[in-house]
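Each chain is listed here by its residues.
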Amino acid sequence: MAYNSHESQMMQKGLFALSWPIFIDLSMHFFSMVINTAMVSSLSLKAVAELNLGSQMFQLAFVIFNFINIGVCVVTAQALGNGNKSIVRRVIHMSLGINIVIGFLIASFGCFGSSIICDIMNIPDDIYDSSKLYLSILSVCFIAEAVNLCCSAILRGCGATRDPMYINVSGNILIIFLNYLFLFGSFGAPKLGIYGVALSVVISRFLSIGFLYYLMLKRTGVKIVYRYIFVLKKKILSQLMSIGLPGAGENLTWQLQFLFMTSVVGTFGTIALATQGIYFQMCGVIMLFSISVALGTEILVSHHVGSMNLKMADRQLMHSVKIGIVITSILAVNIPIWLGTAVFSIFTDDPEVFAYAKPIFYVSVVMEVGRILNIIIINSLRAVGDTRFPMYMAILSMWGVSVPVGCFLGIYMQMGLLGVWIGFCADECSRGLIMLARWKSKAWVSRAVKYYKKNYAKLKTA
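Here the structure is a predicted model, which means the values were calculated and not measured. (Residues numbered from 1 in each chain as written. Predicted model: local features only at pLDDT ≥ 70, side-chain atom pairs only at ≥ 80, totals over all residues. Heavy atoms only, no water.)

Q: Give me the overall build of the protein: which residues, what numbers.
A: The helix and strand inventory of the protein stands at 16 helices and zero strands. Across the 462 residues of the protein, 61% fall into the buried class. Within the protein, contacts between residues at least 6 apart in sequence are counted, and of these 85% link residues at least 24 apart. Across the protein, the 34 positively charged side chains and the 19 negatively charged ones have centroids separated by 20 Å. (Helix = DSSP H or I, 4+ residues; strand = E, 2+ residues; numbered from the N terminus. Buried < 20%, exposed > 50% of the residue type's maximum accessible area, 1.4 Å probe, protein only. Contact = heavy atoms within 4.5 Å. Lys, Arg positive; Asp, Glu negative; His and termini not counted. Charge placed at Lys NZ, Arg CZ, Asp CG, Glu CD.)

Q: With reference to specific residues and values, describe the confidence of the model for the protein.
A: Chain-level pLDDT for the protein is 83 on average; 93% of the residues reach the 70-or-more range. Segment residues 1-12: pLDDT under 50, and 28 contacts once partners within four positions in sequence are set aside and those in other chains are kept. (pLDDT = per-residue confidence, 0-100.)

Q: Please give an account of the side chain of Asp-386 that cites residues and values.
A: Within the secondary structure layout, Asp-386 lies in the loop between helix 13 (351-383) and helix 14 (388-412). Here the side chain of Asp-386 touches Arg-438 through a polar contact of 3.0 Å, side chain to side chain. Every residue in contact with Asp-386, bar those within four places of it in the chain, is listed here: Leu-381, Arg-438, Trp-444 and Arg-447. (Polar contact = N/O pair within 3.5 Å; in protein donor to acceptor, adjacent residues only side chain to side chain.)

Q: Could you give an account of a positive patch on the surface, with specific residues and numbers?
A: Among the surface-exposed residues, Lys-85, Arg-89, Arg-90 and Lys-233 lie close enough to one another that they form a single positively charged patch. Structurally, Lys-233 can be placed in the loop between helix 9 (194-220) and helix 10 (234-266). On the basis of relative accessibility, which here comes to 45%, the residue Lys-233 falls in the partly exposed class. (Patch = residues over 30% accessible without salt bridge, like charges linked within 9 Å, V, L, I, M, F, W, Y side chains within 5 Å. Areas by Shrake-Rupley, 256 points an atom, 1.4 Å probe, with all protein chains shown as cover. Salt bridge = Lys/Arg side-chain N within 4 Å of Asp/Glu carboxyl O.)

Q: Before we move on, can you summarise a nonpolar patch on the surface with the specific residues and values?
A: There is a patch of nonpolar side chains on the surface, built from Leu-43, Phe-177, Tyr-180, Phe-184 and Phe-187 and spanning about 530 Å² of accessible area. Inspection of the secondary structure puts Tyr-180 in helix 8 (residues 162-182). Accessibility expressed as a relative area gives 41% for Tyr-180, which makes it partly exposed.

Q: Account for the packing of helix 7 (residues 141-157) against helix 9, with residues named and values stated.
A: The geometry of helix 7 relative to helix 9 is characterised by a closest axis approach of 8 Å and an angle of 25° between their N-to-C directions. In terms of their interaxial angle, helix 7 and helix 9 are classed as roughly parallel. By crossing handedness, the relation of helix 7 to helix 9 is classed as left-handed. Contacts between helix 7 and helix 9 involve Cys-141, Ile-143, Ala-144, Glu-145, Val-147, Asn-148, Cys-151, Ser-152, Ile-154 and Leu-155 from the former and Val-201, Val-202, Arg-205, Phe-206, Ser-208, Ile-209, Leu-212, Tyr-213, Leu-215, Met-216, Arg-219 and Thr-220 from the latter. A class-by-class count of the residues in the contact of helix 7 with helix 9 yields 15 nonpolar, four polar and three charged. (Axes fitted to C-alpha atoms, helices over the stretch in contact; angles between N-to-C directions. Parallel < 35°, antiparallel > 145°, perpendicular 65-115°, else oblique. Left-handed = near helix turned anticlockwise from the far one by under 90°. Nonpolar A, V, L, I, M, F, W, Y, C, P; charged D, E, K, R; others polar.)

Q: Quick one: what's the story with helix 13, residue by residue and with numbers?
A: A rise of 1.5 Å per residue sets the reference length of helix 13, with its 33 residues, at 48 Å; its end C-alpha atoms lie 46 Å apart and thus fit the reference within 8%. The axis of helix 13 is deflected most strongly, by about 35°, at Val-363. Following helix 13 by one or two positions, Gly-385 adopts a phi angle in the positive range, close to 95°. (Expected span 1.5 Å × (residues − 1). Bend = angle between axes of the 7 residues up to and from the residue.)

Q: Any chance you could break down the pattern of salt bridges for me, citing the residues and the numbers?
A: For the coordinates displayed, the defined rule picks out twelve salt bridges. Arg-219 is the salt-bridge partner of Asp-163, the closest N and O atoms lying 2.6 Å from each other. In this pair, Asp-163 sits in helix 8 while Arg-219 sits in helix 9, placing the two residues 56 residues apart along the sequence. Given the relative accessible area of 6%, Asp-163 is considered buried.

Q: Help me get a handle on the nonpolar core, residues and values and all.
A: Leu-96, Met-216 and Trp-421 are the most contacted members of the largest nonpolar core, which totals 144 residues. When residues of this core are assigned to their parent elements, the largest contribution, 23 residues, is made by helix 3 (residues 45-82). Apart from residues lying up to four places away in sequence, Leu-96 is in contact with Val-147, Cys-150, Cys-151, Tyr-213, Met-216, Ile-224 and Ile-229. (Core = buried A, V, L, I, M, F, W, Y, C linked by side-chain atoms within 4.5 Å.)

Q: Now, about the environment of Pro-124: what can you tell me, with residues and values included?
A: Mapped onto the secondary structure, Pro-124 falls in the loop between helix 5 (114-120) and helix 6 (128-138). Residue Pro-124 is classed as buried on the basis of its relative accessible area, which comes to 16%. Along the chain, Pro-124 and Thr-267 lie 143 residues apart, while their C-alpha atoms are 8.2 Å from each other. Aside from chain neighbours lying at most four places away, what touches Pro-124 is Thr-270 and Leu-273.

In structure tokens:
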């Protein structure tokens, strides 16, 4: 498929056409954990708590892989907007090699460092050994996940957002079937309990590699020269990292502070930890909508930056923010408050869990509105080259607002889990307003011009 075809298709696609497949795609990544939790809950509440560490590490690995893949998607879209074919070829080769290496390192750490991770996370003694083994098995899939996310990022950058969606829908269907086999020992398969769940994810992720890799080659028209996969080009690597490192650094900061606060929740007991795991997954549904709109906006803004049309970039961002706030407000009111009890009943009927969760439902109404501002605007700032400001504010706000407020209310004021989530809410709302002020100030315009001159103005004929 020719690159000019990609460019014309990209410009014809609107936010909705790009975002809804991303929403389904991300939902499949997310719901693989939800599905696992729902199926495991039929065993016991203790089994749900045993999955929590693996789920958190899966999310952390996802963030680490995005150190490179955030930049991959943005640079691919910018290069297509600029009509630069050589950059796209180089990005594909380098990103595959880097993701293979990172995936192997993270998988090795998860497998051989599981005891250290359990100690850091204050995993209760009654689920320590089972949580450790579950994490060790699950970590094998991180190698496949790194490559899958790389191929997905390239496809999104080309505007082919439906391809990853189809693969991940199929992958989740496979996970449900394999869970049925290995979790319960159906059809004569060995009954492995929660370890069968980990095995199901590993099998599904590795099978997805072949399909996503094939689609990436088909959509981009790039022929892979394998000896170039581990060859690094300094200028392209610098371009990827200038976007990916600050962007993923912001995401990593969020994940680390969430892991830290989860370790605090671990001191409240197994019930509080299980409630945290279930509630986070419910909030994830709302967060997935925010992320999908943000990524769709990021692709369009990146394309406009590649063609140096900053007025269109500004118009697109503000349009996305308005849509995001309206729909997120509706979701934040209806999902936690009206559907929260019904969602929790899927996982447990323990009245103590409902008592822990109910007051947090109301916190989410405020928190999710602040979060949508953060996610959409930060992604667009990244697309225009203004990457450091969001990262610095993330570090300052998460560790200067979320953690202190959460620890003070949760521990000192003895509010427990509710206090922790009020801390999360304070961070999201304050930072969201700061990000909006940053964009409206137009401080990003000079950075976008500088970024374009450095990376594309002299490469137009490359």
